[in-house]
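# Geometric and topological summary
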Amino acid sequence: PCGSATNKVIRGNLSLRDITGGKPGVYTIELSGDTGNRWNSGQMYSVVVSDIGLSAKQGESELFVKAGSIRTLAPVAGASIRLFSEKNQELASGRTADDGTARLAFETNSPAGSPSVLLAGKGDDMTYIRLDSSEVWPSVSFGERAYLTSGYEAFLFTDRGVYRKGEEVRIA
């Protein structure tokens with residue numbers, strides 16, 4: 001609430017429905033105050049209000065996109081899909097098919113930049129994904145060994161944890 005005491009933590013709820021009128025879109029919320037420091041007087045947050053759930057899988061020169069309704073889980077057919085670089089240049093665009101999928105081909109090593117943001121919209125509804133900050137890394141990236149590429153691999157366990165020298169070990 002405005003007019004509260006200085007240096008006091010205030011917790012409260014913010015109704016996006018009251019602010020947005022229930023309309024979907026991407027909104028920026030700015031929290032600011034008089035801190036005496038003109039360079040650090042607030043925080044900004046992006047909030048997406050959308051029924052479009054978006055996922056993407058990026059290959060070397062292609063992006064596979066799937067759009068679905070968050071409420072009904074049905075595919076979102078006919079959604080406009082646009083791919084932008086970190087230089088704010090449009091790299092590719094298309095529409096989702098009846099199954100909610102789209103494939104966007106883009107040029108690698110382009111002067112326009114590399115894929116950074118994926119936008120999807122249909123009617124008044126829109127959403128986005130930042131590709132540069134929403135990657136899922138394979139387990140190899142965390143220091144684990146690479147998955148077996150040849151031969152066999154098995155997980156074995158015994159009927160008990162400890163055996164004495166000379167005892168028969170039963171493995172399943």
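Here's what I pulled together on the structure shown here. (Residues numbered from 1 in each chain as written. Predicted model: local features only at pLDDT ≥ 70, side-chain atom pairs only at ≥ 80, totals over all residues. Heavy atoms only, no water.)

## Details of the overall build of the protein chain
The helix and strand inventory of the protein chain stands at 1 helix and 9 strands. When the helices and strands of the protein chain are listed from N to C terminus, the series reads α-β-β-β-β-β-β-β-β-β. For the protein chain, the residues scored as buried account for 22% of the 172 residues in total. Partitioning the contacts of the protein chain with sequence separation of at least 6, the portion at a separation of at least 24 is 42%. Counting only carbon and sulfur atoms, one obtains 51% of the accessible surface of the protein chain, whose full area is about 13500 Å². (Helix = DSSP H or I, 4+ residues; strand = E, 2+ residues; numbered from the N terminus. Buried < 20%, exposed > 50% of the residue type's maximum accessible area, 1.4 Å probe, protein only. Contact = heavy atoms within 4.5 Å. Areas by Shrake-Rupley, 256 points an atom, 1.4 Å probe, with all protein chains shown as cover.)

## Let's talk about the sheet that holds strand β8 (residues 115-122)
Here we have 4 strands laid out as an open sheet, ordered β6-β5-β8-β9, and antiparallel in their pairing. The open sheet has two edge strands, β6 (90-95) and β9 (125-130), and neither has a second partner. Each adjacent strand pair in this sheet contributes to an overall mean axis angle of 15 degrees, direction not counted. Bridge analysis of β8 against β9 gives 6 bridges, and the strand direction is antiparallel. (Pairing = 2+ DSSP bridges. Axes fitted to C-alpha atoms, helices over the stretch in contact; angles between N-to-C directions.)

## A word on the nonpolar core
Across soluble globular proteins, nonpolar side chains show a tendency to be buried alongside one another. If you look at the biggest cluster of nonpolar residues, it comprises 18 residues, and the most contacted ones within it are L54, L63, V65, I81, L83, L104 and L118. Counting only elements with at least two residues in this core, the list comes to β3 (52-58), β4 (62-69), β5 (80-85), β6, β7 (101-105) and β8. At 3 residues, β4 tops the list of elements feeding residues into this core. Apart from residues no more than four positions distant in its own chain, I81 is found in contact with V65, A92, S93, G94, T96, A102, L104, L118, L119 and A120. (Core = buried A, V, L, I, M, F, W, Y, C linked by side-chain atoms within 4.5 Å.)

## Quick look at the sheet that holds β4
Pairing in this open sheet of 3 strands is antiparallel, and the strands run β3-β4-β7 from one edge to the other. Single-partner strands in this sheet number two, and they are β3 and β7. Neighbour to neighbour, the strand axes of the sheet diverge by 20 degrees on average, direction disregarded. In terms of strand pairing, β4 meets β7 through 5 bridges, oriented antiparallel. Residue pairing in the sheet places E62 in a bridge with A105 of β7.

## Considerations on the pairing of β9
Here β9 shows a clear split, with D125, T127 and I129 buried on one side and none of M126, Y128 and R130 buried on the other. The antiparallel pairing of β8 with β9 creates a hairpin that spans 2 residues between the two strands, and G123 there sits at a positive phi of about 65 degrees.

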